[in-house]
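# Structure at a glance
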Amino acid sequence: MTNMTPLVTFKDVKKSFGAFKAVKELNLEIGRGEFVAIMGPSGCGKTTTLRMLAGLEAPSSGTITIDGQEMNDVPVHDRDTPLVWQSLALFPFLNVTENVEFGLKMRGVAPDERRTRALQWLDRMGLKGFENRRIDELSGGQRQRVALARSLVTEPQMLLLDEPLSALDAHLVIRMQGVLTKLQKELGITFVYVTHSQSEAFAMADRVVIMGQGEIAQIGKPQEIFRAPQNRFVAEFVGRNNILEGVVHGDIITIDGSDFALPGAPDGPVEIVVAADRMQIHATAPTDAAIAAEFVSEEFAGTGIICYFEGEGGEELKAQVTESQLATLQPEPGKMFWLSWAPDAAHVIAG
Amino acid sequence: MRIGSAISWVYVAALFAFVFAPIVTSMVFSFNSDRFPTVPLGEFTTHWYETAFSRPEVWTAFRNSLIVAASAAVFSTALGFATAYTDFRYGFRFKNAYLALALLPPTIPLVILGLAMLAWLARLGLSGTLPGIIIAHTVMGAPFAMAICRLRLQQMDSALEAAAWNLGASPWRAMRTVVIPFCAPAIISAYCLTAAVSFDEFIVAWFVSGLNKTVPVMILEILQGNVDPQINAIGTVVFLTSMTLVILAQLLILRKTSS
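Report on the accompanying structure. What you see is a predicted model, and the numbers here were worked out from it, not measured in a lab. Note that residues are indexed from 1 along each chain, following the sequence as it is written. Labels are handed out in written order, letters beginning with A for the chains and numbers beginning with 1 for the ligands. The predicted origin of the model limits local features to residues at a pLDDT of at least 70 and limits the giving and counting of side-chain atom pairs to 80 or more, whereas totals for whole chains, interfaces and linings rest on all residues. To obtain the side-chain values, all non-hydrogen atoms of the structure were included, while hydrogens and water were left out.

### Concerning the environment of B:L104
Looking at where B:L104 falls in the secondary structure, it is placed in the loop between α4 (95-102) and α5 (110-124). In sequence terms B:L104 and B:P143 are 39 residues apart; their C-alpha atoms lie 7.7 Å from each other. Secondary structure elements follow DSSP: runs of H or I of four or more residues count as helices, runs of E of two or more count as strands, with numbering from the N terminus.

### Side note on the packing of helix α3 (residues 56-89) of chain B against helix α8 (residues 171-200) of chain B
The relative placement of two packed helices comes down to the angle between their axes together with the axis-to-axis distance. All names here are of chain B. At a minimum axis distance of 8 Å, the contact between α3 and α8 shows a crossing angle of 140°. Accordingly, the angle class assigned to the pair α3 and α8 is oblique. You can see that α3 and α8 cross each other, and the crossing is right-handed. Each residue gets one label: Ala, Val, Leu, Ile, Met, Phe, Trp, Tyr, Cys and Pro are nonpolar, Asp, Glu, Lys and Arg are charged, and the others, such as Gly, are polar. Looking at the contact of α3 with α8, its residues break down into 19 nonpolar, five polar and no charged. Axis geometry follows a simple rule: fit a line to the C-alpha atoms, using only the stretch in contact for helices, then measure angles between N-to-C directions, giving values from 0 to 180 degrees. To sort the angles, those under 35 degrees are grouped as roughly parallel, those over 145 as roughly antiparallel, those from 65 to 115 as roughly perpendicular, and the leftovers as oblique. Each crossing gets its hand from how the near helix is turned against the far one by less than a right angle, where anticlockwise is left-handed and clockwise is right-handed.

### Quick look at unusual backbone geometry
All names here are of chain A. Here D12, not a glycine, exhibits a phi torsion of approximately 45°, which is positive. Structurally, the position occupied by D12 is in strand β1 (residues 8-17). Within the chain, Q330 stands out as a residue other than glycine whose phi angle is a positive 45°. Topologically, Q330 is positioned in the loop between α9 (323-329) and β19 (336-340).

### Quick look at the interface of chain A and chain B
Reports often express the size of an interface as the amount of accessible area lost when the parts come together. It only takes one pair of heavy atoms within 4.5 Å for two residues to be counted as in contact. Every contact between the two is made by 20 residues of chain A and, on the other side, 18 residues of chain B. With both sides pooled, the region where chain A packs onto chain B buries about 1,700 Å², and carbon together with sulfur makes up 69% of that total. Its largest share of buried area at the contact with chain B, chain A owes to A:H77, A:F93 and A:M106, together 35% of the area lost on that side. By definition, a salt bridge exists where a carboxyl oxygen of Asp or Glu is found within 4 Å of a side-chain nitrogen of Lys or Arg. Scanning the region where chain A abuts chain B turns up zero salt bridges. Under the rule applied, a polar contact is a pair of N or O atoms within 3.5 Å (in protein, one hydrogen donor and one hydrogen acceptor; residues adjacent in sequence only if both atoms are side-chain atoms). Where chain A meets chain B, there are four residue pairs in polar contact (both at pLDDT 80 or more). Simply put, the buried area is the total loss of 1.4 Å probe accessible area from both parts when two parts are fitted together.

The following block contains the structure:
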């Protein structure tokens, strides 16, 4: 993030397709050199937002400015907003080098220079020796890198990415995430990355924009969104969160009859969020406040094991543990446990 | 299993024999020295080819047919491609009606189409001229060209064209550098097929050709006079020309679907 003027500004942007409002009143600023991920469930308007930025869709109302210039009437081919497509959209009748050269050719760069620049990018993406291959002779990861080289060869100030990793195998996704973050840091350009995958967005982005039903639900750093979701939609979408209902009176919240410290919260009924990895599991009732819950099941996730419980009020509770913790707890379905958390792990959501 | 496959091979061979026997017979007799098609065969000769192609009207007919086929194929393919692209790119009301209309010509009986063409072209002062036959054959060929191009466009990722715009290609340039190269096999195959349709076409050509006879029309006129082995010779040349075009078209269609 820089403190200069933003590179991209969406001002009161709306987009409808017939009666369907894909994007309702979007206001968003994207800084220079920033890695922004736009995330949300399908149909939330994230792809439409990206397509409006590329000029593939025109806003129904509102304005989009890039680098101070209003873009509403600028056609796609006059914008400098290369897009890495979900399908990659590499040209099957051109070889690897010709694909990468395409953008330069359209900009009227001389044949010698465009070849040199294309080869440099292929080298940089680790595709030396594949220059004359056909696209269908490449693996998924190689195609991905050709698509990146094709978009970046024109040295744009912004790269748009539309779920580019969704077609890759899990191990390749992690590797490509590394490639993308490194590339973005090295080039210092803006990346706008659309995804439905929380792990991709949180792993790479400086700032995450969560969209739901055509509106921005929350903007913030990955940590902020993870620890302090502003509303129930975000808390649920991010997952691995416990959403608990209780009543606050004088810095104390009462949940299922137990009193927990909750400093600084206004009195009255509220919802709080406790992340699964901040939830502590006790095999016996602790002296401090805790929620009694019945063990339901466990799930092996990449970073640990998520244990699912059912509280006395029927609410679902999740706690993340390590494998050794799980061995000590020896949970069985129906066995009672007590769940508690440190006061600073609880976060009040607005509504 | 073995016997089963042997039987199916025999069946296929029999089927091909049944379909191609008349044509092969005609080819064989075109090289036979006897005046009448009888067995046993006479001697091998190229006499009928020599006499047939020493007649200037045969050359004129071939020249007419080639001009008509080559031109009608250009127009049919262009129209067919444009129609298929419109279907691919745009959604609009009455699109189904538009497509049905575009695919209508092959469903009209040829006699009716021939009569209608004659009446219409006569008003335009084009009946009996080569442009008149070209127009008629363009109408007949365009639906085939459209079907072939449409098949190819269906295999195209719609992001491909948008990717070209996104990389700085204007809509026309994207058409030239992406859509047409992608569809090239289909376009060439549509050209070959519509040329073959035009080259073989008799009924409509008979109505509108007047004095500018195409090969099929000329063949009928020779036949009306007498049975002459020259017909076999001319027929063989026509068959080989059409088959070459059709096989070329098929090869291109097969290759594009496999890649």
